[in-house]
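Examination of the molecular architecture
Here is what each chain is made of, one letter per residue.
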Amino acid sequence: MNVVVLGASKGIGRAIARRFAERGDRVFLLGRQAEDLARSASDLDIRGGQAVVAGTARCDLESPDTFAPALAAAKQALGDLDVVVVTAGEFGTQAALETDLERTRHLLDANFTGTLLFCEHARALLLPRGGTLCVLSSVAGDRGRKPVILYGATKAGLSHYLEGLDHKFRAAGLKVVCVKPGFVKTGMTAGLKPPPFATTPEAVATIAVRAIDRGTPVVYATGIWRWVMFAIRMLPRAVMRKIEF
Amino acid sequence: MATAAPDTPVSRLSGWGGTSVAGVERRSEDLEAITCDVALTRGLARSYGDSSLPPPTHPVAAGSPLADRLLAFDETTGDLRAEAGYALRDLTRRFLPRGWVIPVSPGTQFVTLGGMVAADVHGKNHHRDGTIGRHLQRLRMRVGSGRIVECSPADEPALFWATVGGMGLTGHILEVTLRLVRVSSPWIAGFSRRISDIDEFVVALKQSASDWPYTMGWIDCLARGRHMGRGVLICGRWATKDEAPRHYPKSLPRVFVPFVCPSWVMGRTVGRVFNEFIYRLHRRHGRLKMLHPEPFFYPLDVIEHWNRLYGRRGFTQYQCVLPDSAGPGAVRRLVEMLSGLGGASFLCVIKDCGDEGQGMLSFPRRGVSIALDLPIRDNTQSLVDQLNEFVVAAGGRVYLAKDAFTRAQHFQAMEPRLARFLAERRRWDPEGAIRSAQSVRLMGDRP
């Protein structure tokens, strides 16, 4: 399989790229820093036991003009694209974002505007012969909640967009996979106390790759979150106003 | 990616034995970036005492486990370059199927390469292969002044050998290059037999050292009288292709200690039953068996969070080396002393050590190493003090990666090499920026 991973040098993206490399798929890495991508490429080649990385290219969710050249470079290196995975994004606690609107703007740009525009480029490339677009959203997007209002809003919009894509293009051969992790212990969340059901990037990667293989439109990581969020969505507004979750 | 995350930072950091301090661990895939202004870098926090804990006035440590990329591997020589947070468990799982292993392995695989270098770990093959320091090619590190420096036995050798076994006090280790070794199969040809007392143990360890690359002994520290120091001698080597099973060793299930147990769980009564069971499990005269490498090298790793068995107060591991020059009866006297002081150790491991390495604070030296797991009780400090006085008199030393109770005067009496280490440290870190709770306790660093 030929796979493009945006955000491959860190966290969940790194773990997903490793899963693909370990089973011998060819990968093309997109990210913000060339040197960082080169180090990740070495890592994947050694783990794969062969040259699995077809190349790397600079791509920044806050710079939409990097999207088309990056995906074109991936297509040129891989030939046909089978899977595009988007894991890049920003995180900020509600308290931090409320007091720093510039940071909030960056988060909105990266997690929503940038991600959707990148997905539109990827969709155009994947559609002619079919393929899979896998994007990391979050359980935070399932309902407006006090601790993740702004971050959750970007993920809610993203999940909504991915569902629409699935409805419109499934029949045309484009599989859209929306992965919704709960709290994941990555560099982004370091220093925060892990809540119950916190998981690792490796566990999320296993679930994501399985969903890509099966074409599952929505998958929670880990599965317990499907039921937790179902319960949260059922809660009356009066209760949501009272709880801090 | 993430959901509701409390803003409160993790407010305590602890060693494997339960020693803890107020502190925060900063983690990132970019280890270089997060080591700019912290006092210490820690890996998987498997050192038992306070060596991976930051000092009280600068309670922020960098955590390396997310910096775990493999950067280069030479299939012909086995040279591997990796980021310092790369874990031994992943190394074994990735490279053993290809016929490569790390040449020196400690008793757990939940350690990072950086941590292994900092502690200059040794294994069951110390008498033959020395410590990990002997197999290192190069280190990349951020020294106390903030500079990024590369060192090796040829370039900046003093910094290199101060870092090997230097408990992370010479700088933040960022990358490690070491040479893996080829093995003939992924299985261990192992052998174990009962040993009836401590004197026989020392002799048997020395004798088997010439025949076996891997040797160690488990001692029943609760046995008294003529059985004092009885135990099991365990030897092994990598099996040849012909004798090894054709299939690859399967992944083993791990059991899990879900909560911190009451302190009586690791008390004397349970200890006696456990020790009797282990002793009887082995034959009087052993025979060669094909063994899975993981339980052979890392027997305790099958129990996740086994440190919780020791209760809320935790435990300390007292590990010392008694040099050959202390005479043949030194090990017996130490075990007698431990029995006399009532230090019931659930687990006691004895190992044969070879020549001292070049690491300036490297632990092993030619002699016998004894490691005792001691539940923390009201008298633990006095017990460790008395054991240390014996070790100082015998010309031995304690292992810093395990230590939480040694006093500065005992440590300094054990370490004639300390002045040279401190001088080299000062050369790269004149302000004394890099330090740990342990270096404050033992080396007089500012808190």
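Residues numbered from 1 in each chain as written. Chains lettered and ligands numbered in written order. Predicted model: local features only at pLDDT ≥ 70, side-chain atom pairs only at ≥ 80, totals over all residues.

The next point concerns the overall build of chain A. A tally of regular secondary structure across chain A gives nine helices and seven strands. By the compact-globule yardstick of 18 Å for 245 residues, chain A fits well, its C-alpha radius of gyration being 17 Å. By principal-axis analysis of the C-alpha atoms, chain A measures approximately 55 × 40 × 30 Å. Looking at the 245 residues of chain A, the share that counts as buried comes to 45%. (Helix = DSSP H or I, 4+ residues; strand = E, 2+ residues; numbered from the N terminus. Rg over C-alpha atoms; globule rule 2.2 N^0.38 Å. Buried ≥ 20, exposed ≤ 12 C-beta atoms within 10 Å, placed from the backbone.)

Next up on the list: the overall build of chain B. Counting its secondary structure elements, chain B contains 13 helices and 22 strands. Here the C-alpha radius of gyration of chain B, 21 Å, is about what a compact globule of 447 residues would show, namely 22 Å. If one aligns the C-alpha atoms of chain B with their principal axes, the spans along those axes are about 55 × 50 × 50 Å. Counting contacts in chain B only where the partners sit at least 6 residues apart, residues at least 24 apart contribute 75% of the total. (Contact = placed C-beta atoms within 7 Å.)

It is worth spelling out helix H2 (residues 34-48) of chain A at this point. Compared with the 21 Å implied by 1.5 Å per residue over 15 residues, the 21 Å span of H2 of chain A between its first and last C-alpha is a close match. Taken together, the buried residues of H2 of chain A touch helix H1 (11-22), strand E2 (26-31) and strand E3 (53-58) of chain A together with strand E6 (70-73) of chain B. Of the residues trailing H2 of chain A, glycine 49 of chain A is marked for its positive phi of about 75 degrees. (Expected span 1.5 Å × (residues − 1).)

Looking now at the sheet that holds strand E11 (residues 171-179) of chain B. All names here are of chain B. Reading across from one edge, E6-E7-E11-E9-E10 is the order of the five strands in this open sheet, with antiparallel pairing throughout. Both edges of this open sheet fall to E6 and strand E10 (148-151), since each of them pairs with a single strand only. With direction set aside, neighbouring strand axes in the sheet form an average angle of 15 degrees. Here strand E9 (residues 136-143) runs beside E11; their pairing, made up of seven bridges, is antiparallel. Paired with methionine 141 across the two strands is isoleucine 173, which belongs to E11. (Pairing = 2+ DSSP bridges. Axes fitted to C-alpha atoms, helices over the stretch in contact; angles between N-to-C directions.)

What follows covers the domain arrangement of chain B. Residue and element names in this part refer to chain B. Taken domain by domain, chain B consists of domain 1 (70-183) and domain 2 (188-408). Listed by partner, the interface residues are 25 residues for domain 1 and 25 residues for domain 2. Counting residues per element, the ones that place at least two in the side of domain 1 that touches domain 2 are helix H4 (126-129) and helix H5 (157-163). A per-element tally of the side of domain 1 that touches domain 2 places H4 first, with three residues. Its residues assigned to classes, the side of domain 1 that touches domain 2 shows eight nonpolar, 13 polar and four charged. (Domains from an automatic or database assignment. Nonpolar A, V, L, I, M, F, W, Y, C, P; charged D, E, K, R; others polar.)

The subject of this paragraph is the sheet that holds E2 of chain A. Picture the strands of a sheet paired through backbone hydrogen bonds; they go either parallel or antiparallel. Residue and element names in this part refer to chain A. Read across the open sheet, the seven strands follow the order E3-E2-E1-E4-E5-E6-E7; overall the sheet is parallel. For this open sheet the edge positions go to E3 and strand E7 (218-221), each flanked by a neighbour on one side alone. Taking the axes of each pair of neighbouring strands and ignoring which way they run, one obtains an average angle of 15 degrees across the sheet. Direction of pairing for strand E1 (residues 2-6) relative to E2: parallel, over a ladder of five bridges. Bridged to asparagine 2 within E2 is arginine 26.

Val117, Val176, Leu322, Val331 and Ile370 of chain B are the most contacted members of the largest nonpolar core, which totals 122 residues. Shared between two domains, this core takes at least three residues from each, and those domains are domain 1 (70-183) and domain 2 (188-408) of chain B. Aside from chain neighbours lying at most four places away, what touches valine 331 of chain B is Ile198, Val202, Leu322, Val368 and Ile370 of chain B. Membership of the second largest hydrophobic core comes to 70 residues, among which are Phe28, Val83, Cys178 and Val184 of chain A. (Core = buried A, V, L, I, M, F, W, Y, C linked by C-beta atoms within 7 Å.)

A few words on the environment of glycine 182 of chain A. Tracing the backbone shows glycine 182 of chain A in the loop between strand E6 (174-181) and helix H7 (201-214). The exposure class of glycine 182 of chain A is buried, given the 25 C-beta atoms found within 10 Å.

Residues and elements named next belong to chain A. Look at helix H5 (residues 101-126) against helix H6 (residues 149-169): their axes get within 9 Å of each other, and the N-to-C directions meet at 10 degrees. Between H5 and H6, the angle is such that the two are roughly parallel. Here H5 and H6 pass one another in a crossing that is right-handed. Seen from H5, the contacting residues are Thr104, Leu107, Leu108, Asn111, Phe112, Thr115, Leu116 and Arg123; seen from H6, they are Leu150, Tyr151, Thr154, Lys155, Gly157, Leu158, Tyr161 and Leu165. Here the contact of H5 with H6 is composed, by residue class, of nine nonpolar, five polar and two charged. (Parallel < 35°, antiparallel > 145°, perpendicular 65-115°, else oblique. Left-handed = near helix turned anticlockwise from the far one by under 90°.)

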